[in-house]
Amino acid sequence: MQVPEEDTPMLAVCIDETGALFLKHVPRPELRDAQLLIKVTATALNRADLLQKRGLYQPAHGESQILGLEASGVIDAIGPGVKGNWKLGSEVMALLSGGGYAEYVAVPEELVMPVPSHLTLYQAAAIPETWLTAYQLLHFIAKVKPNETVLIHAGASGVGTAAIQLVRLGRAVPIVTAGSPEKLQFTEQLGAALGINYKEDNFSEKVLQFTEGRGADIILDCIGGSSWEKNVSSLALDGRWVLYGALGGKTVDGDLLGKLLRKRGHLLCTLLRSRSLQYKAELVRSFTEQVLPLFKSTDSPLCPVIDSTFNMEDIEKAHRHMEENQNIGKIIIKIGSS
Ligand SMILES: NC(=O)c1ccc[n+]([C@@H]2O[C@H](COP(=O)([O-])OP(=O)(O)OC[C@H]3O[C@@H](n4cnc5c(N)ncnc54)[C@H](OP(=O)(O)O)[C@@H]3O)[C@@H](O)[C@H]2O)c1
């Protein structure tokens with residue numbers, strides 16, 4: 001990968017017209033009111049990045065065009081109007097609207113979190129987008145209760161591995177689907193009470209067997225179209241089906257509404273990136289209070305799951321790894337030239 005010798009102040013991953021990624025020097029972001037500038041140590045991949053580089057998921061107006069929905073690093077500058085007690089050089093991690101694949105990123109202070117004390121900045125980069133998404137799905141949207149059964153699709157994904165741990169933390173019962181024995185074994189070690197290979201088995205039959213015919217109280221669904229019918233069959237009466245992705249397509253052909261009606265099912269749809277700053281700030285505040293302290297001890301019940309770590313120059317390789325569905329947990333990118 002070529003790094004052009006331009007006299008500009010930060011290295012970033014850019015996208016060419018074919019969707020290919022390359023490193024380039026670009027201007028550092030300007031620090032706006034109530035923002036912190038983070039010198040980035042690491043970022044992590046998200047499925048949304050794969051769509052954005054193909055022009056299928058654009059950042060909101062006024063947000064960075066650079067990929068990257070999360071980052072960890074140290075505070076490099078504190079903008080005007082910042083209210084919190086932030087210190088230059090402190091280790092932080094942040095939920096971003098974009099811009100994580102670069103040496104510096106500017107972010108509203110409400111979306112910045114301290115790094116739990118025994119975690120490295122590489123581990124911290126695996127937390128913001130994935131854990132906040134899983135926390136939002138379970139607590140802001142589905143409002144999970146103890147002893148409920150939660151069916152988590154793509155159980156070995158970044159979001160899935162965080163969701164398994166958060167369901168256990170909430171004293172509910174996680175059951176998962178995944179596409180290989182290795183992924184299922186990993187999710188079971190992480191706390192899944194049942195793992196179903198959706199490529200080999202009809203997952204709704206397994207869910208009904210496990211719940212003695214009742215069905216799952218909550219389904220966390222990032223698959224959508226290809227498995228809608230099995231999802232309705234898996235849902236308990238009055239169950240909550242949370243749709244937050246469409247890896248299996250967006251179209252539905254059949255009696256979805258009739259079947260959902262008979263289950264008195266709640267279909268709840270959510271996206272995090274397009275939420276207001278106020279909503280994200282409330283999510284970050286709640287997660288920081290309720291969950292972050294539990295990462296702080298070495299015998300913590302929670303751990304960020306890291307699949308692999310790539311240098312920034314190998315960003316194309318890292319994307320291919322995710323495109324081929326090979327990762328279990330998060331793919332981390334070290335920022336800066338190696
Ligand atoms: N709504 C939101 O705000 C929000 C926020 C973050 C992420 N998301 C969504 O959450 C999902 C997970 O994201 P991530 O970054 O954690 O993903 P990830 O780590 O890349 O894992 C995704 C996994 O999904 C499985 N998968 C892919 N295509 C599938 C299909 N057609 N049917 C069934 N399984 C399939 C694959 O595992 P197997 O080997 O098991 O098939 C793949 O490894 C994505 O859909 C993403 O868009 C939504």
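Residues numbered from 1 in each chain as written. Predicted model: local features only at pLDDT ≥ 70, side-chain atom pairs only at ≥ 80, totals over all residues. Heavy atoms only, no water.

A. Representation of the packing of aromatic side chains in the model. As enumerated under the stated definition, the model contains four aromatic pairs in all. Judged by centre distance (4.9 Å) and plane angle (75 degrees), the rings of W131 and F295 are edge-to-face. Of the two residues, W131 sits in helix α3 (residues 128–141) while F295 sits in the loop between α9 (277–290) and β14 (306–311), which places them 164 residues apart along the sequence. The interplanar angle of 70 degrees and the centroid separation of 5.8 Å between the aromatic rings of F140 and Y279 together place this pair among those described as edge-to-face. (Phe/Tyr/Trp six-rings, centres within 6.5 Å; stacked < 30°, edge-to-face > 60°. Helix = DSSP H or I, 4+ residues; strand = E, 2+ residues; numbered from the N terminus.)

B. Spatial organisation of the site of the ligand. Close to the ligand lie 23 residues, the nearest being R47, G179, K183, Y198 and L272. Within the backbone of G158, a nitrogen or oxygen atom sits 3.0 Å from an oxygen atom of the ligand. Residue L247 places a main-chain N or O atom 3.3 Å away from a nitrogen atom belonging to the ligand. Those elements that provide at least two residues to the shell around the ligand are α3 and α4 (158–169). Partitioning the shell around the ligand into residue classes produces eleven nonpolar, nine polar and three charged. Viewed by domain, the shell around the ligand spans two of them, domain 1 (10–114 + 304–334) and domain 2 (131–269), each represented by three or more residues. (Near = heavy atom within 4 Å. Polar contact = N/O pair within 3.5 Å; in protein donor to acceptor, adjacent residues only side chain to side chain. Nonpolar A, V, L, I, M, F, W, Y, C, P; charged D, E, K, R; others polar. Domains from an automatic or database assignment.)

C. Structural detail: the environment of K263. One can find K263 in the loop between α8 (256–262) and β13 (266–269). Dropping the residues within four chain positions of it, K263 is found in contact with V232, S233, S234, L235, A236, L237 and D238. (Contact = heavy atoms within 4.5 Å.)

D. Inspection of the layout of surface pockets at higher detail. Of the voids in this model, the second largest pocket is the one considered here, and its volume is about 660 Å³. As for the second largest pocket, its lining consists of 34 residues, of which R32, G62, E63, S64 and A106 are closest to the centre. Elements with a contribution of two residues or more to the lining of the second largest pocket: β6 (104–108) and α9. For the lining of the second largest pocket, the leading source of residues is β6, giving five residues. Looking at side-chain class alone, the lining of the second largest pocket contains 17 nonpolar, ten polar and seven charged residues. (1 Å grid on protein atoms, 1.4 Å probe; cavity = no way out; pocket = protein on both sides within 12 Å on 5 of 7 lines; lining within 4 Å. Points joined across faces, edges and corners; volume = space filled by probe spheres on them.)

E. A look at the side chain of R240. Residue placement: R240 occurs in strand β12 (residues 235–243). Here the side chain of R240 touches A142 through a polar contact of 2.9 Å, landing on its backbone oxygen. Setting aside residues up to four positions removed in sequence, R240 forms contacts with A142, K143, V144, K145, E148, D217, I218, I219, L235, H266 and L268.

F. Broad picture of the domain arrangement of the chain. Along its sequence, the chain is carved into domain 1 (10–114 + 304–334) and domain 2 (131–269). Using only C-alpha atoms to locate each centre, domain 1 and domain 2 end up separated by 29 Å. Facing the eleven residues of domain 1 at the interface are twelve residues of domain 2. If you look at where domain 1 meets domain 2, you find zero salt bridges. At the surface where domain 1 touches domain 2, the tally comes to two residue pairs in polar contact (both at pLDDT 80 or more). (Salt bridge = Lys/Arg side-chain N within 4 Å of Asp/Glu carboxyl O.)

G. Layout of unusual backbone geometry. For N147, which is not glycine, the phi torsion reads 75 degrees and is therefore positive. You can see N147 is positioned in the loop between α3 and β8 (149–152). A relative accessible area of 64% places N147 in the exposed class. If you check the backbone angles, D238 has positive phi at about 65 degrees while not being a glycine. Examined against the element boundaries, D238 turns out to sit in strand β12. (Buried < 20%, exposed > 50% of the residue type's maximum accessible area, 1.4 Å probe, protein only.)

H. Just the sheet that holds strand β11 (residues 216–221), in detail. In space, the six strands of this open sheet follow the order β10-β9-β8-β11-β12-β13, with parallel pairing throughout. The sheet is open, and its two edges are formed by β10 (194–197) and β13, each paired on a single side. Averaged over neighbouring strand pairs, the angle between their axes works out to 20 degrees when direction is ignored. Of the pairings in the sheet, the one linking β11 to β12 comprises five bridges and is parallel in character. The residue bridging L220 from the neighbouring strand is V242, located in β12. (Pairing = 2+ DSSP bridges. Axes fitted to C-alpha atoms, helices over the stretch in contact; angles between N-to-C directions.)

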